[in-house]
Amino acid sequence: MSSDAITIRRPDDWHVHLRDGDMLKAVLPYTARVFGRVVVMPNLSPPVTTVASALAYRERIVAALPTGVNFTPLMTAYLTEATAPDEIARGFADKVWVAAKLYPANATTNSAHGVTDIRKIDAVLARMAEIGMPLLVHGEVADPAVDVFDREAVFLERVLAPLMARQPALRIVLEHVTTRAAVTFVEEAGPNLAATITAHHLVINRNALFQDGLRPHLYCLPVAKREADRLALRRAATSGGAKFFLGTDSAPHPVKDKECDCGCAGIFSAPNALEIYARVFDEENALDKLEAFASVNGPHFYRMPVNRETITLTRGEHAVARDVGSVRPFLAGETLNWRLA
Ligand code: NCD
Ligand code: ZN
């Protein structure tokens, strides 16, 4: 493998927000350009809670694809306290969705219909454990009494550890981990727990949100943490370890909804996500581990084959666009040093 080009199996994105309508049309080409399969988050308004709504959403995504692109959206179910175990199992058996997503109520964007107490969905989780269907968790408590920077660590103790004790056979992805505590927790757990890591949490720490002023475009949930946390994420991602894989959490919001009195959480990284991961792996002298993280560990956890096609990244400077439609991409205007050939 030369140091100026790297060829890997086509990667997949195991956590992305594609939205709907005009926003879907605007952002989908960036994701479909590079990723073969993506796990599509169901936090639309209203959320995707039924087999019928997931099928309809999948059709809208496929209809919005640029022609000739080979791309598979993998759908997810949004769990509510009213979700029926049979509906979840039916969608999984019929291959409509590949996983179900747990949003603690009011923890993040469009999570008002989420779960207030995880014990209320015990029956659904038991059924998922039985059929081998992965649970994807937004791992933050929504308790306003808990410091916003501690919400992930507290979730591990209060919610995740007891859940794993109750449902040891349940396969869980702790999404977008942001702390050293979460990395250690995942490493020490058994093979049924894995985690995704975003590109932006490998690049920024919480200081970046306040550098020379308030930076609304660097605000996402879980919010970026300390430098020691960022370094732990970089070690985990570049370790090659099977429990960590690529999930961008690319989450577009129009600039006007970010730059306002109460700005939305979400970082839009889709236009350059793979190039940013490549830069991080290069900085960590771990380009040889990029394929495991981006293209192998995810499918193995989801029990799917790896992609057969390959993609090539070459060293070469290019600038990130300032704006993509109404959305400001992550690292807008900055120069990246890897590009998709
Ligand atoms: C996501 C969104 O905008 O939908 N926002 C975010 O900051 N990551 C929701 C989420 O994944 O928490
Ligand atoms: Zn997300």
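See above for the structure.
Residues numbered from 1 in each chain as written. Chains lettered and ligands numbered in written order. Predicted model: local features only at pLDDT ≥ 70, side-chain atom pairs only at ≥ 80, totals over all residues. Heavy atoms only, no water.

(A) View of the environment of Lys101. With respect to the secondary-structure elements, Lys101 resides in strand β5 (residues 97-102). Among the residues examined, Lys101 registers a relative accessible area of 0% and is labelled buried. On a C-alpha basis, the gap between Lys101 and Leu136 in space is 4.6 Å, while along the polypeptide they are 35 residues apart. When near neighbours in sequence (up to four residues on either side) are disregarded, Lys101 contacts His15, Met41, Pro42, Ala77, Tyr78, Leu79, Leu136, Val137 and His138. (Helix = DSSP H or I, 4+ residues; strand = E, 2+ residues; numbered from the N terminus. Buried < 20%, exposed > 50% of the residue type's maximum accessible area, 1.4 Å probe, protein only. Contact = heavy atoms within 4.5 Å.)

(B) Molecular detail of the coordination of the zinc ion (ligand 2). Only His15 (NE2), His17 (NE2) and Asp249 (OD) from the protein coordinate the zinc ion (ligand 2), and they sit 2.0 to 2.1 Å from it. Around the zinc ion (ligand 2), the four donor atoms sit at angles spanning 90 to 147°, and that spread fits a shape best called irregular. Every donor residue of the zinc ion (ligand 2) comes from the same chain, spaced as H-x1-H-x231-D. Taken together, the residues span a long stretch of sequence, with His17 in the loop between β2 (13-16) and α1 (21-34) and Asp249 in the loop between β9 (244-246) and α9 (255-258) at a distance of 232 residues. Exposure class is identical for His17 and Asp249. Each is buried. (Donors = N, O, S within 2.8 Å, 3.2 Å for Na, K, Ca; no water. Tetrahedral: all angles 85-135°; square planar, octahedral: opposite > 155°, others 65-115°.)

(C) Fine view of the packing of helix α3 (residues 85-93) against helix α4 (residues 122-131). Following both chains from N to C, one finds α3 and α4 inclined at 30°, their axes separated by 9 Å at the closest point. One finds that α3 runs roughly parallel with respect to α4. The way α3 lies across α4 gives a crossing that is right-handed. Here α3 contributes Pro85, Asp86, Ile88, Ala89 and Phe92 to the contact with α4, which in turn contributes Ala123, Val124, Arg127, Met128 and Ile131. (Axes fitted to C-alpha atoms, helices over the stretch in contact; angles between N-to-C directions. Parallel < 35°, antiparallel > 145°, perpendicular 65-115°, else oblique. Left-handed = near helix turned anticlockwise from the far one by under 90°.)

(D) Spatial organisation of the site of ligand 1. In the vicinity of ligand 1, 15 residues are found, and the nearest of them are Asn43, Thr108, Leu221, Asp249 and His253. For ligand 1, an oxygen atom lies 3.0 Å from a polar atom in the side chain of His17. Residue Ala265 places a main-chain N or O atom 3.1 Å away from an oxygen atom belonging to ligand 1. Protein burial of ligand 1: of its 310 Å² of free accessible surface, 100% is covered by the chains. (Near = heavy atom within 4 Å. Polar contact = N/O pair within 3.5 Å; in protein donor to acceptor, adjacent residues only side chain to side chain. Areas by Shrake-Rupley, 256 points an atom, 1.4 Å probe, with all protein chains shown as cover.)

(E) Looking closely at the state of the cysteines. Applying the stated rule across the entire model yields zero disulfides. Among the cysteines around Cys220, which has no disulfide bond, Cys264 carries the closest sulfur, lying 13 Å off. With relative accessibility at 2%, the residue Cys220 sits in the buried group. The structure places no disulfide on Cys264, whose sulfur is separated from the nearest cysteine sulfur, that of Cys260, by 6.4 Å. (Disulfide = S-S within 2.5 Å.)

(F) A look at empty space enclosed by the protein. Scanning the entire structure with this criterion turns up two cavities of 30 Å³ or more. In this model, the largest cavity occupies a volume close to 120 Å³. As for the largest cavity, its lining consists of 19 residues, and the residues nearest its centre are His17, Thr108, Leu221, Asp249 and Ala251. The residue inventory of the lining of the largest cavity, partitioned by class, reads six nonpolar, 10 polar and three charged. Surrounding the second largest cavity, His217, Ala251, Pro252, His253, Lys258, Gly266, Ile267, Phe268, Val327 and Arg328 form its lining. (1 Å grid on protein atoms, 1.4 Å probe; cavity = no way out; pocket = protein on both sides within 12 Å on 5 of 7 lines; lining within 4 Å. Points joined across faces, edges and corners; volume = space filled by probe spheres on them. Nonpolar A, V, L, I, M, F, W, Y, C, P; charged D, E, K, R; others polar.)

(G) The nonpolar core, seen in detail. Core analysis: the biggest nonpolar cluster contains 93 residues, and Leu135 and Leu174 have the highest contact counts within it. It is helix α10 (residues 273-283) that contributes the most residues to this core, seven residues altogether. When neighbours within four sequence positions are excluded, Leu135 is seen to be in contact with Leu79, Ala100, Leu102, Leu125, Met128, Leu163, Leu170, Arg171, Ile172 and Val173. (Core = buried A, V, L, I, M, F, W, Y, C linked by side-chain atoms within 4.5 Å.)

(H) Local environment of the pattern of salt bridges. This model, assessed by the stated rule, comprises 21 salt bridges. For the salt bridge of Asp20 with Arg60, the shortest nitrogen-to-oxygen distance reads 2.7 Å. Highlighted residues: Asp20 in the loop between β2 and α1 and Arg60 in helix α2 (residues 51-63), separated in sequence by 40 residues. On the accessibility criterion, Asp20 (27% relative accessible area) is partly exposed. Close ionic contact of Asp323 with Arg328 constitutes a salt bridge, the shortest N to O distance being 2.9 Å. The buried category is assigned to Arg328, whose relative accessible area is 17%. Each of Arg234, Arg279, Glu283 and Glu284 takes part in salt bridges that share partners, so that together they form one network. (Salt bridge = Lys/Arg side-chain N within 4 Å of Asp/Glu carboxyl O.)

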